[in-house]
Amino acid sequence: MTTFKTLGQFIIEKQADFPFAKGELSRLLRDIGIAAKVVNREVNKAGLGDILGDAGQINVQGEGQKKLDVYADQQFIKALQNGGECCVVASEEHELPVFIDSEISKNAKYIVCIDPLDGSSNIDVNVSVGTIFSIYRRDSVGGPATIEDILQKGLKQVAAGYVVYGSSTMLVYTTGKGVNGFTLDPSIGEFCLSHPDIRIPKDGCIYSINEGNYLKFSDGVKKYIKYCEGEDKQTKRPYTSRYIGSLVADIHRNLLLGGIFIYPATLSHPNGKLRLMYECNPIAFIIEQAGGKASDGKQRILEIEPTALHQRSACFMGSLDMVEKVEEFLAKEL
Ligand code: AHM
Ligand code: MG
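Residues numbered from 1 in each chain as written. Chains lettered and ligands numbered in written order. Predicted model: local features only at pLDDT ≥ 70, side-chain atom pairs only at ≥ 80, totals over all residues. Heavy atoms only, no water.

1. Here's the deal with unusual backbone geometry
Next, step 1: With omega at 5°, the peptide bond leading from Arg237 into Pro238 counts as cis.
Next, step 2: Within the secondary structure layout, Pro238 lies in the loop between α5 (219–229) and β12 (240–241).
Next, step 3: Unusually for a residue other than glycine, Asp197 sits at a positive phi of about 45°.
Next, step 4: Among the structural elements, Asp197 can be located in the loop between β10 (190–195) and β11 (206–208).
Next, step 5: Residue class for Asp197 comes out partly exposed when judged on its relative accessible area of 48%.
Next, step 6: Residue Lys236 is not a glycine yet carries a positive backbone phi of 60°. (Helix = DSSP H or I, 4+ residues; strand = E, 2+ residues; numbered from the N terminus. Buried < 20%, exposed > 50% of the residue type's maximum accessible area, 1.4 Å probe, protein only.)

2. Quick word on the coordination of the magnesium ion (ligand 2)
Next, step 1: Surrounding the magnesium ion (ligand 2) are the protein donor atoms Glu92 (OE), Asp115 (OD), Asp118 (OD) and Glu279 (OE), at 1.9 to 2.5 Å.
Next, step 2: Donor residues for the magnesium ion (ligand 2), ordered by position in the chain, follow E-x22-D-x2-D-x160-E. Residue Asp115 is located in strand β5 (residues 110–118), and its partner Glu279 is located in helix α7 (residues 276–289); the two are separated by 164 residues in the primary sequence.
Next, step 3: Looking at Asp115, the relative accessible area reads 0%, which means it is buried. (Donors = N, O, S within 2.8 Å, 3.2 Å for Na, K, Ca; no water.)

3. A look at the sheet that holds strand β14 (residues 293–295)
Next, step 1: The strand order across the open sheet formed by five strands is β12-β11-β13-β15-β14, and the pairing between neighbours is mixed. Looking along the sheet, the strands with just one partner apiece sit at the ends: β12 and β14.
Next, step 2: With four bridges joining them, strand β13 (residues 260–263) and strand β15 (residues 315–318) adopt antiparallel strand pairing. Looking at the pairing, Ile262 lines up with Phe316 of β15.
Next, step 3: Contacts between α5 and the sheet are confined to β11, β13 and β15, with β11 contributing the most and set at about 145° to the helix.
Next, step 4: Its contacts with the sheet place helix α6 (residues 247–257) against β11, β13 and β15, and it is angled at close to 165° to β11. (Pairing = 2+ DSSP bridges. Contact = heavy atoms within 4.5 Å. Axes fitted to C-alpha atoms, helices over the stretch in contact; angles between N-to-C directions.)

Taken by themselves, the reported measurements are silent on function.
Written out as structure tokens, the structure reads:
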């Protein structure tokens, strides 16, 4: 008989790592896993029904929302509302935090920041998309949670993860004790442990950046790209360029194979494009937990003091040696 471990079993086993845990975080992670399965079902059907196409709304970043973005957002919020362990959700799809004000959530102490469906420009063309989430413990006691409760540094995350809806669907998460990956087995409808204790290779040969923006990059980033393209046997250059345009998919590949993902500041996006609270921080936590490095070019992403829910940050994340190399180029910038 084949033995396998489901996400649910794994979460319960790992609860013992936290001696005073009462099971709330475990339940919260379980709720996210359930919503991910529901979203996965719809992502896999995209193109079949009328779910494709614009929802006819514009989100807080002024981008057109796709129907699946809206659907995913609703599913995760519903699961968190019903689960009772989360007091407030900060989602890419809502300008303001969504406070959960129900009888079962009145003592809830967790905050979830989420990008329910990232890489949405890829939905209509059958390319991988993902969900990214970050979990914090609430600092204030009693009464409704506040915006200050949400705006915590990435270092304070108690858990973070992503789901990649790709050629298979995977959920990867950390609670600060390493990174584990689970693959959805559609025949039994369960995420099963397939990638225990993921470690990102210390060095790699893949660089991922939207090179179409080259002319808008700073001098240091341009020079680093030229370095990646240069020939050198010892460092196995030229490196391979791989860019899907779905953060989760690009990060997942580089996490497993070794590589660097870069979304720098550009002339059109002076603070970078990706959002600190629900894109950069959760990915940075995972990358660091897997032995890699995540920087905004000047400082550790996890140490950035957030000031706004939807603030953006430049990011350089991946294999330790590669991130340190790009930092060398950035330090020499004029
Ligand atoms: P989204 O949240 O609107 O989907 O945008 C985020 C996505 C990331 O998944 C990806 O890394 C990036 O945007 C790609 O941006 P670009 O098309 O500018 O290269
Ligand atoms: Mg996004």
